[in-house]
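# Residue-level structural notes
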Protein chains: 2
Amino acid sequence: MTPSFNTPSDDKSVLEEGTELSPRFDSNGLVTAVVADSRDNEVLMLAFMNEEALRLTIDTGIAHYWSRSRSALWKKGETSGNLQMVDEIRLDCDQDAVLLKVRVSGSDATCHTGRRSCFYRKVVKTEGETRLETDSAPLFDPKSVYTDH
Amino acid sequence: MTPSFNTPSDDKSVLEEGTELSPRFDSNGLVTAVVADSRDNEVLMLAFMNEEALRLTIDTGIAHYWSRSRSALWKKGETSGNLQMVDEIRLDCDQDAVLLKVRVSGSDATCHTGRRSCFYRKVVKTEGETRLETDSAPLFDPKSVYTDH
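Anyway, here's the lowdown on the structure attached to this text. (Residues numbered from 1 in each chain as written. Chains lettered and ligands numbered in written order. Predicted model: local features only at pLDDT ≥ 70, side-chain atom pairs only at ≥ 80, totals over all residues.)

A separate point is the sheet that holds strand S5 (residues 84–91) of chain B. Read across the open sheet, the six strands follow the order S8(A)-S7(A)-S5(B)-S6(B)-S1(B)-S2(B); overall the sheet is mixed. Among the strands making up the open sheet, the edge pair consists of strand S8 (129–134) of chain A together with strand S2 (43–49) of chain B. Within the sheet, the average angular offset between the axes of one strand and its neighbour, ignoring direction, is 35 degrees. For strand S1 (residues 31–37) of chain B and strand S6 (residues 97–104) of chain B, the ladder comprises six bridges, and the chain directions are parallel. By the bridge assignment for S6 of chain B, Asp-37 of chain B is matched with Val-102 of chain B. (Pairing = 2+ DSSP bridges. Helix = DSSP H or I, 4+ residues; strand = E, 2+ residues; numbered from the N terminus. Axes fitted to C-alpha atoms, helices over the stretch in contact; angles between N-to-C directions.)

Here we come to the nonpolar core. If you look at the biggest cluster of nonpolar residues, it comprises 68 residues, and the most contacted ones within it are Val-34, Val-35 and Val-98 of chain A together with Val-34, Val-35 and Val-98 of chain B. If we skip the residues at most four places from it in the chain, Val-34 of chain B touches Val-34, Val-43 and Leu-46 of chain A together with Val-43, Leu-46, Ala-97 and Leu-99 of chain B. (Core = buried A, V, L, I, M, F, W, Y, C linked by C-beta atoms within 7 Å. Buried ≥ 20, exposed ≤ 12 C-beta atoms within 10 Å, placed from the backbone. Contact = placed C-beta atoms within 7 Å.)

What follows is about the relation of the copies chain A and chain B. Overlaying chain A with chain B gives an RMSD of 0.0 Å, the required rotation being 180 degrees about an axis along which the chain moves by 0.0 Å. Each copy turns onto its partner about a two-fold axis. No C-alpha of chain A approaches the rotation axis more nearly than that of Asn-41 of chain A, which lies at 2.6 Å. Interface overlap between copies: 100% of the residues of chain A at the interface are likewise at the interface in chain B, consistent with a symmetric, same-surface contact. (Least-squares fit on C-alpha atoms with pLDDT ≥ 70 in both.)

All names here are of chain A. Its identity is not glycine, yet Ser-71 carries a phi of approximately 50 degrees, on the positive side. Checked against the element boundaries, Ser-71 lands in the loop between strand S3 (64–67) and strand S4 (72–75). Of note in this structure, Glu-127 is not a glycine but carries a positive phi near 50 degrees. Here Glu-127 lies in the loop between strand S7 (121–126) and S8. The exposure class of Glu-127 is exposed, given the 4 C-beta atoms found within 10 Å.

In this complex, chain A contributes 33 residues to the contact, which on the side of chain B involves 33 residues. Counting residues per element, the ones that place at least two in the side of chain A that touches chain B are strand S1 (31–37), strand S2 (43–49), strand S5 (84–91), strand S6 (97–104), S7 and S8 of chain A. Across the side of chain A that touches chain B, the residue classes break down as 16 nonpolar, six polar and eleven charged. Sheet topology places S7 of chain A next to S5 of chain B; two bridges connect them, and they run antiparallel. Following the sheet pairing, Lys-122 of chain A is matched in S5 of chain B by Arg-90 of chain B. (Nonpolar A, V, L, I, M, F, W, Y, C, P; charged D, E, K, R; others polar.)

It is worth spelling out the pairing of S5 of chain A at this point. Residues and elements named next belong to chain A. Across seven bridges, S5 lies against S6 in antiparallel orientation. Each bridged residue has a counterpart across the sheet, and for Leu-91 the counterpart in S6 is Val-98. Here S5 folds back onto S6, and the loop between the two strands holds five residues, one of which, Gln-95, carries a positive phi near 55 degrees.

All names here are of chain A. Restricting attention to buried positions, one finds in helix H2 (residues 51–60) the residues Ala-53, Leu-54 and Thr-57. Angularly, the buried residues of H2 cover 100 degrees about the axis, an arc narrow enough to put them on a single face. Turned more than 90 degrees off the buried face of H2, the exposed positions are Asp-59 and Thr-60. Buried residues in H2 make contact with S1, S2, S3, S4, S5 and S6. Gly-61 occupies a position one or two residues after H2 and carries a positive phi of about 75 degrees. (Arc of directions from axis to C-beta.)

Quick look at the structure:
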(Lines give C-alpha, C1' and ligand atoms only; values in the text may rest on other atoms or scores of the structure.)
Protein backbone atom coordinates (compact mmCIF):
# COMPACT_ATOMS: atom_id res chain seq x y z
CA MET A 1 0.00 0.00 0.00
CA THR A 2 1.47 3.32 -1.05
CA PRO A 3 1.76 5.67 1.91
CA SER A 4 -0.62 8.60 2.00
CA PHE A 5 0.49 12.20 2.22
CA ASN A 6 1.36 14.15 5.34
CA THR A 7 -1.36 16.11 7.10
CA PRO A 8 -1.09 19.83 6.27
CA SER A 9 0.37 21.86 9.12
CA ASP A 10 -1.75 24.46 10.90
CA ASP A 11 1.41 26.57 11.02
CA LYS A 12 1.29 28.76 7.91
CA SER A 13 5.09 29.11 7.79
CA VAL A 14 5.54 25.33 7.77
CA LEU A 15 2.88 24.92 5.07
CA GLU A 16 4.29 27.70 2.91
CA GLU A 17 8.03 27.57 3.52
CA GLY A 18 8.56 23.94 4.55
CA THR A 19 9.93 20.97 2.65
CA GLU A 20 7.07 18.66 3.59
CA LEU A 21 4.67 17.67 0.82
CA SER A 22 1.28 18.00 2.51
CA PRO A 23 -1.38 18.72 -0.13
CA ARG A 24 -4.52 20.46 1.09
CA PHE A 25 -7.24 18.36 -0.53
CA ASP A 26 -10.61 20.15 -0.41
CA SER A 27 -13.87 18.86 1.05
CA ASN A 28 -14.26 16.68 -2.04
CA GLY A 29 -10.76 15.29 -1.57
CA LEU A 30 -9.34 17.18 -4.55
CA VAL A 31 -6.57 19.60 -5.43
CA THR A 32 -6.57 21.61 -8.65
CA ALA A 33 -3.92 20.76 -11.22
CA VAL A 34 -2.68 23.19 -13.85
CA VAL A 35 -0.96 21.42 -16.72
CA ALA A 36 1.66 23.21 -18.81
CA ASP A 37 3.88 22.07 -21.67
CA SER A 38 7.51 21.61 -20.54
CA ARG A 39 8.80 22.99 -23.82
CA ASP A 40 7.29 26.48 -23.75
CA ASN A 41 5.20 26.61 -20.55
CA GLU A 42 1.98 26.93 -22.56
CA VAL A 43 -0.98 26.10 -20.32
CA LEU A 44 -2.71 23.02 -21.73
CA MET A 45 -5.54 22.22 -19.32
CA LEU A 46 -6.94 22.42 -15.83
CA ALA A 47 -7.93 19.26 -13.97
CA PHE A 48 -8.38 17.78 -10.50
CA MET A 49 -6.45 15.19 -8.54
CA ASN A 50 -7.45 13.13 -5.57
CA GLU A 51 -4.84 11.55 -3.32
CA GLU A 52 -4.53 8.44 -5.48
CA ALA A 53 -4.14 10.42 -8.70
CA LEU A 54 -1.39 12.61 -7.21
CA ARG A 55 0.39 9.59 -5.74
CA LEU A 56 0.23 7.71 -9.05
CA THR A 57 1.49 10.76 -10.93
CA ILE A 58 4.48 11.10 -8.59
CA ASP A 59 5.24 7.36 -8.62
CA THR A 60 4.82 6.65 -12.35
CA GLY A 61 5.76 9.97 -13.97
CA ILE A 62 2.58 9.80 -16.05
CA ALA A 63 -0.25 12.24 -15.30
CA HIS A 64 -3.32 10.84 -13.56
CA TYR A 65 -6.36 12.89 -12.57
CA TRP A 66 -9.75 12.47 -10.98
CA SER A 67 -12.58 12.83 -13.44
CA ARG A 68 -15.38 14.68 -11.66
CA SER A 69 -17.87 13.94 -14.45
CA ARG A 70 -17.16 10.21 -14.40
CA SER A 71 -16.23 9.96 -10.68
CA ALA A 72 -13.27 7.82 -11.64
CA LEU A 73 -9.51 7.82 -11.71
CA TRP A 74 -8.40 9.10 -15.10
CA LYS A 75 -5.11 8.23 -16.76
CA LYS A 76 -5.05 11.11 -19.21
CA GLY A 77 -4.54 9.96 -22.79
CA GLU A 78 -5.37 6.31 -22.20
CA THR A 79 -8.00 6.42 -24.95
CA SER A 80 -6.47 8.99 -27.29
CA GLY A 81 -2.83 8.01 -26.88
CA ASN A 82 -2.02 11.55 -25.78
CA LEU A 83 -0.41 10.55 -22.49
CA GLN A 84 1.30 13.23 -20.42
CA MET A 85 4.87 12.42 -19.36
CA VAL A 86 5.61 14.49 -16.28
CA ASP A 87 8.90 16.40 -16.14
CA GLU A 88 8.15 18.43 -13.03
CA ILE A 89 5.52 18.70 -10.31
CA ARG A 90 5.18 21.94 -8.33
CA LEU A 91 3.02 22.90 -5.36
CA ASP A 92 1.71 26.38 -4.73
CA CYS A 93 2.21 28.40 -1.55
CA ASP A 94 -0.73 27.00 0.40
CA GLN A 95 -0.47 23.55 -1.19
CA ASP A 96 -3.97 23.38 -2.63
CA ALA A 97 -2.85 23.52 -6.24
CA VAL A 98 -0.39 21.54 -8.32
CA LEU A 99 1.47 22.58 -11.47
CA LEU A 100 2.55 19.81 -13.81
CA LYS A 101 5.06 20.40 -16.57
CA VAL A 102 4.55 17.70 -19.16
CA ARG A 103 5.46 16.39 -22.57
CA VAL A 104 2.42 15.11 -24.45
CA SER A 105 2.67 11.89 -26.47
CA GLY A 106 0.65 10.89 -29.52
CA SER A 107 -0.83 13.81 -31.43
CA ASP A 108 0.62 16.38 -29.00
CA ALA A 109 -2.98 17.31 -28.20
CA THR A 110 -4.47 17.68 -24.74
CA CYS A 111 -8.02 18.91 -25.32
CA HIS A 112 -10.84 16.44 -26.01
CA THR A 113 -11.76 18.68 -28.97
CA GLY A 114 -8.48 17.58 -30.57
CA ARG A 115 -6.60 20.81 -29.97
CA ARG A 116 -3.20 21.20 -28.31
CA SER A 117 -4.61 23.22 -25.38
CA CYS A 118 -8.07 23.51 -23.87
CA PHE A 119 -7.59 27.29 -23.93
CA TYR A 120 -8.04 27.62 -27.71
CA ARG A 121 -10.33 30.67 -27.61
CA LYS A 122 -9.42 34.20 -26.64
CA VAL A 123 -11.72 37.01 -25.56
CA VAL A 124 -11.93 39.78 -28.16
CA LYS A 125 -13.73 43.10 -27.91
CA THR A 126 -15.03 44.60 -31.14
CA GLU A 127 -17.50 47.44 -31.48
CA GLY A 128 -18.47 47.17 -27.83
CA GLU A 129 -19.19 43.47 -28.14
CA THR A 130 -17.22 40.82 -26.25
CA ARG A 131 -16.88 37.45 -27.94
CA LEU A 132 -14.60 34.44 -28.30
CA GLU A 133 -12.24 33.80 -31.18
CA THR A 134 -10.70 30.39 -31.85
CA ASP A 135 -7.07 30.53 -32.92
CA SER A 136 -5.97 26.91 -33.09
CA ALA A 137 -7.12 23.89 -35.06
CA PRO A 138 -7.66 20.28 -33.98
CA LEU A 139 -4.62 17.99 -34.27
CA PHE A 140 -6.76 14.86 -34.31
CA ASP A 141 -10.37 14.04 -35.08
CA PRO A 142 -12.18 13.50 -31.77
CA LYS A 143 -14.99 11.55 -33.49
CA SER A 144 -12.59 8.88 -34.67
CA VAL A 145 -10.83 8.66 -31.29
CA TYR A 146 -13.62 8.82 -28.72
CA THR A 147 -15.91 6.25 -30.21
CA ASP A 148 -17.76 5.64 -26.93
CA HIS A 149 -18.86 9.29 -26.59
CA MET B 1 -24.81 48.85 -15.01
CA THR B 2 -22.42 46.61 -16.91
CA PRO B 3 -24.26 43.83 -18.71
CA SER B 4 -23.92 40.34 -17.31
CA PHE B 5 -22.65 37.39 -19.31
CA ASN B 6 -24.66 35.13 -21.57
CA THR B 7 -26.20 31.98 -20.15
CA PRO B 8 -24.13 28.91 -21.08
CA SER B 9 -25.73 26.84 -23.81
CA ASP B 10 -26.93 23.31 -23.10
CA ASP B 11 -25.63 22.44 -26.54
CA LYS B 12 -22.07 21.23 -26.03
CA SER B 13 -21.01 22.18 -29.55
CA VAL B 14 -22.18 25.78 -29.01
CA LEU B 15 -20.44 25.95 -25.61
CA GLU B 16 -17.20 24.47 -26.94
CA GLU B 17 -16.99 25.69 -30.51
CA GLY B 18 -19.04 28.88 -30.40
CA THR B 19 -18.02 32.52 -30.31
CA GLU B 20 -20.29 33.42 -27.40
CA LEU B 21 -18.61 34.20 -24.08
CA SER B 22 -20.78 32.32 -21.59
CA PRO B 23 -18.70 31.43 -18.52
CA ARG B 24 -19.94 28.48 -16.47
CA PHE B 25 -19.77 29.88 -12.94
CA ASP B 26 -20.00 27.09 -10.35
CA SER B 27 -22.50 26.77 -7.49
CA ASN B 28 -20.48 29.41 -5.60
CA GLY B 29 -20.62 31.73 -8.60
CA LEU B 30 -16.95 31.26 -9.45
CA VAL B 31 -14.71 30.22 -12.33
CA THR B 32 -11.08 29.22 -11.82
CA ALA B 33 -8.44 31.55 -13.23
CA VAL B 34 -4.94 30.43 -14.18
CA VAL B 35 -2.54 33.35 -14.40
CA ALA B 36 0.56 33.15 -16.60
CA ASP B 37 3.28 35.66 -17.44
CA SER B 38 2.89 37.01 -21.00
CA ARG B 39 6.64 37.03 -21.50
CA ASP B 40 7.43 33.36 -21.02
CA ASN B 41 4.08 31.70 -20.15
CA GLU B 42 5.34 30.83 -16.66
CA VAL B 43 2.34 30.02 -14.45
CA LEU B 44 2.21 32.57 -11.63
CA MET B 45 -0.88 31.74 -9.59
CA LEU B 46 -4.31 30.21 -9.45
CA ALA B 47 -7.30 32.26 -8.33
CA PHE B 48 -11.07 32.55 -8.63
CA MET B 49 -13.33 35.05 -10.35
CA ASN B 50 -16.97 35.82 -9.84
CA GLU B 51 -18.98 37.56 -12.52
CA GLU B 52 -18.00 41.04 -11.33
CA ALA B 53 -14.28 40.19 -11.19
CA LEU B 54 -14.31 38.77 -14.72
CA ARG B 55 -16.28 41.72 -16.05
CA LEU B 56 -13.92 44.24 -14.40
CA THR B 57 -10.90 42.36 -15.74
CA ILE B 58 -12.28 42.47 -19.28
CA ASP B 59 -13.36 46.11 -19.02
CA THR B 60 -10.26 47.56 -17.29
CA GLY B 61 -7.45 45.30 -18.50
CA ILE B 62 -6.30 44.91 -14.89
CA ALA B 63 -6.79 41.54 -13.15
CA HIS B 64 -9.53 41.33 -10.54
CA TYR B 65 -10.41 38.20 -8.57
CA TRP B 66 -12.75 37.02 -5.86
CA SER B 67 -10.99 36.37 -2.58
CA ARG B 68 -12.61 33.30 -1.05
CA SER B 69 -10.85 33.84 2.29
CA ARG B 70 -12.01 37.44 2.58
CA SER B 71 -15.28 37.04 0.64
CA ALA B 72 -14.47 40.20 -1.24
CA LEU B 73 -13.60 41.51 -4.67
CA TRP B 74 -9.81 41.57 -4.94
CA LYS B 75 -7.88 43.90 -7.23
CA LYS B 76 -4.65 41.93 -7.24
CA GLY B 77 -1.64 44.07 -6.28
CA GLU B 78 -3.61 46.94 -4.80
CA THR B 79 -1.62 46.65 -1.54
CA SER B 80 1.73 45.43 -2.88
CA GLY B 81 1.82 47.45 -6.10
CA ASN B 82 2.18 44.23 -8.07
CA LEU B 83 -0.81 44.86 -10.32
CA GLN B 84 -1.42 42.49 -13.21
CA MET B 85 -1.90 44.15 -16.60
CA VAL B 86 -3.85 41.74 -18.80
CA ASP B 87 -2.60 41.08 -22.33
CA GLU B 88 -4.92 38.21 -23.12
CA ILE B 89 -7.91 36.37 -21.65
CA ARG B 90 -8.69 32.84 -22.78
CA LEU B 91 -11.55 30.48 -21.98
CA ASP B 92 -11.22 26.72 -21.85
CA CYS B 93 -13.33 24.25 -23.81
CA ASP B 94 -16.25 24.01 -21.38
CA GLN B 95 -15.93 27.64 -20.25
CA ASP B 96 -15.42 26.98 -16.53
CA ALA B 97 -11.81 28.13 -16.46
CA VAL B 98 -10.06 31.30 -17.58
CA LEU B 99 -6.41 31.77 -18.56
CA LEU B 100 -4.97 35.26 -18.12
CA LYS B 101 -1.70 36.27 -19.70
CA VAL B 102 -0.37 39.21 -17.73
CA ARG B 103 2.51 41.58 -17.16
CA VAL B 104 3.13 42.17 -13.46
CA SER B 105 3.95 45.70 -12.25
CA GLY B 106 5.96 46.67 -9.19
CA SER B 107 8.39 44.03 -7.97
CA ASP B 108 7.34 41.57 -10.72
CA ALA B 109 6.14 39.31 -7.90
CA THR B 110 2.77 37.59 -7.71
CA CYS B 111 2.95 35.42 -4.59
CA HIS B 112 2.12 36.89 -1.17
CA THR B 113 5.40 35.29 0.03
CA GLY B 114 7.21 37.81 -2.20
CA ARG B 115 8.15 35.36 -4.92
CA ARG B 116 7.51 35.74 -8.64
CA SER B 117 5.22 32.69 -8.79
CA CYS B 118 3.17 30.88 -6.17
CA PHE B 119 4.62 27.63 -7.55
CA TYR B 120 8.08 28.12 -6.04
CA ARG B 121 8.50 24.56 -4.77
CA LYS B 122 9.02 21.43 -6.79
CA VAL B 123 8.50 17.84 -5.74
CA VAL B 124 11.77 15.92 -5.45
CA LYS B 125 12.26 12.23 -4.73
CA THR B 126 15.44 11.25 -2.89
CA GLU B 127 16.15 7.91 -1.25
CA GLY B 128 12.51 6.91 -1.42
CA GLU B 129 11.38 10.11 0.26
CA THR B 130 9.20 12.69 -1.46
CA ARG B 131 9.69 16.29 -0.36
CA LEU B 132 9.50 19.88 -1.59
CA GLU B 133 12.42 21.99 -2.69
CA THR B 134 12.22 25.77 -3.01
CA ASP B 135 14.05 27.14 -6.02
CA SER B 136 13.20 30.83 -6.07
CA ALA B 137 13.74 33.69 -3.64
CA PRO B 138 11.41 36.51 -2.57
CA LEU B 139 11.57 39.69 -4.68
CA PHE B 140 10.09 41.82 -1.89
CA ASP B 141 9.72 41.53 1.86
CA PRO B 142 6.11 40.56 2.60
CA LYS B 143 6.41 41.81 6.21
CA SER B 144 7.10 45.35 5.08
CA VAL B 145 4.33 45.28 2.46
CA TYR B 146 1.42 43.51 4.15
CA THR B 147 1.39 45.45 7.40
CA ASP B 148 -2.23 44.53 8.16
CA HIS B 149 -1.60 40.76 8.07
